[in-house]
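Here are the chains, one letter per residue:
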Amino acid sequence: MSTDTAAPETPAKPRITGRAPARPAPAAALHSVSAVTVVLLGLVAIGAVIHEPVLIPPLAASAALVHSAPTLPLSQPRSVVLSHLLAAAAGYATLAVAGTSAWAAAVAAGLTLALTTLARTPHSPACATAVVIVLQSPTPTRFVPLLFGATLLLVTMEYAFSRIRRGATKYPTYWW
C-alpha cells in the first residue's frame, strides 16, 4: 500500500489555438509571391501559344505549396509530379466507370488520396486534378502530357528560384 499523499497530476488542457508561423521577411515574401506569379504566368503563356489551357486550379495550388513551403513532403518533386499523374489515372478511370458527375468526382478525389497515400506521394492539390478530369472530361492524350510538363516546370522553377535568393531554403529536400 502506498503512503504517497500527493494529489494526482491533472492532464494538461489541449490548446484551442496554436501559434501561427512567424511572418516572413518582406524580401522572402516578395521572392515567394514573385516566383509563384512567374511560374503561373509561364503556364498561361504556354497555353496561349498552344491554344490549350495549361493553368488549371490544382496547379496554382501546387505552385503555392512548392514555393511557400519548400521543405514539406507535400512540396517535394516526387509528390508533386507523381501525385498529379496518379490523380489523372484515378480521374480517367472513374470517368470511364461512372461518367461525369459530382458524385463521381468525389469518388475520384478519394481514390486519388488513397493512391497517393499508398505511393507515399502526398500532395493534396492532386485530388483536385482528379475532380477537374471527371467534371470536364479533357482528352487524355492532350491533358496528361500537359499536366506532366506543367508539374515538371513547377518543380524546375522552384529549384531555380530557391538558388537565386541568397539565404533562401534550398529546394528540394529530396528528389525521389
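None of these values were measured; they are calculated from a predicted model.

Calculation notes
- Residues numbered from 1 in each chain as written.
- Predicted model: local features only at pLDDT ≥ 70, side-chain atom pairs only at ≥ 80, totals over all residues.
- Heavy atoms only, no water.
- Helix = DSSP H or I, 4+ residues; strand = E, 2+ residues; numbered from the N terminus.
- Buried < 20%, exposed > 50% of the residue type's maximum accessible area, 1.4 Å probe, protein only.
- Contact = heavy atoms within 4.5 Å.
- Areas by Shrake-Rupley, 256 points an atom, 1.4 Å probe, with all protein chains shown as cover.
- Lys, Arg positive; Asp, Glu negative; His and termini not counted.
- Charge placed at Lys NZ, Arg CZ, Asp CG, Glu CD.
- Polar contact = N/O pair within 3.5 Å; in protein donor to acceptor, adjacent residues only side chain to side chain.
- Patch = residues over 30% accessible without salt bridge, like charges linked within 9 Å, V, L, I, M, F, W, Y side chains within 5 Å.
- Salt bridge = Lys/Arg side-chain N within 4 Å of Asp/Glu carboxyl O.
- Phe/Tyr/Trp six-rings, centres within 6.5 Å; stacked < 30°, edge-to-face > 60°.
- Lys NZ or Arg CZ within 6 Å of the ring centre and 35° of its normal.

Caption draft 1: How the structure looks around the overall build of the protein. The number of helices and strands found in the protein is 6 helices and 0 strands. In sequence order, the secondary structure elements of the protein are arranged as α-α-α-α-α-α. Here the protein holds 176 residues, and the buried ones make up 37% of them. Across the protein, contacts joining residues at least 24 apart in sequence account for 73% of those joining residues at least 6 apart. Accessible surface computed for the protein: about 10,600 Å², of which carbon and sulfur atoms make up 69%. Here the protein contributes 11 positively and 4 negatively charged side chains, and the mean placements of these two sets differ by 13 Å.

Caption draft 2: How the structure looks around the side chain of H67. Relative to the helices and strands, H67 is located in helix α2 (residues 57–68). Residue H67 is classed as buried on the basis of its relative accessible area of 7%. A polar side-chain atom of H67 sits 2.3 Å from a polar atom in the side chain of E158. Non-local contacts of H67, meaning those with residues more than four positions away in its chain, are made with S32, A35, V36, V39, L154, M157, E158 and F161.

Caption draft 3: Broad picture of unusual backbone geometry. A cis amide bond links Y171 with the next residue in sequence, P172, at an omega value of -5 degrees. Within the secondary structure layout, P172 lies in the segment after α6 (140–164). The residue R120 is not glycine, and still its phi comes out positive at about 60 degrees. Mapped onto the elements, R120 comes out in the loop between α4 (102–118) and α5 (125–136). Owing to a relative accessible area of 61%, R120 belongs among the exposed residues under this scheme.

Caption draft 4: Quick look at a nonpolar patch on the surface. Together, I46, V49 and I50 give the surface a local cluster of nonpolar side chains, amounting to about 250 Å² of exposed area. With respect to the secondary-structure elements, V49 resides in helix α1 (residues 26–50). On the basis of relative accessibility, which here comes to 65%, the residue V49 falls in the exposed class.

Caption draft 5: Region of the structure containing the packing of aromatic side chains. Per the stated rule, a full pass over the model turns up 1 aromatic pair. The positively charged end of R78 is found above the aromatic ring belonging to W176, 5.5 Å away from the centroid.

Scope: geometric values only; no functional claims are made or implied.
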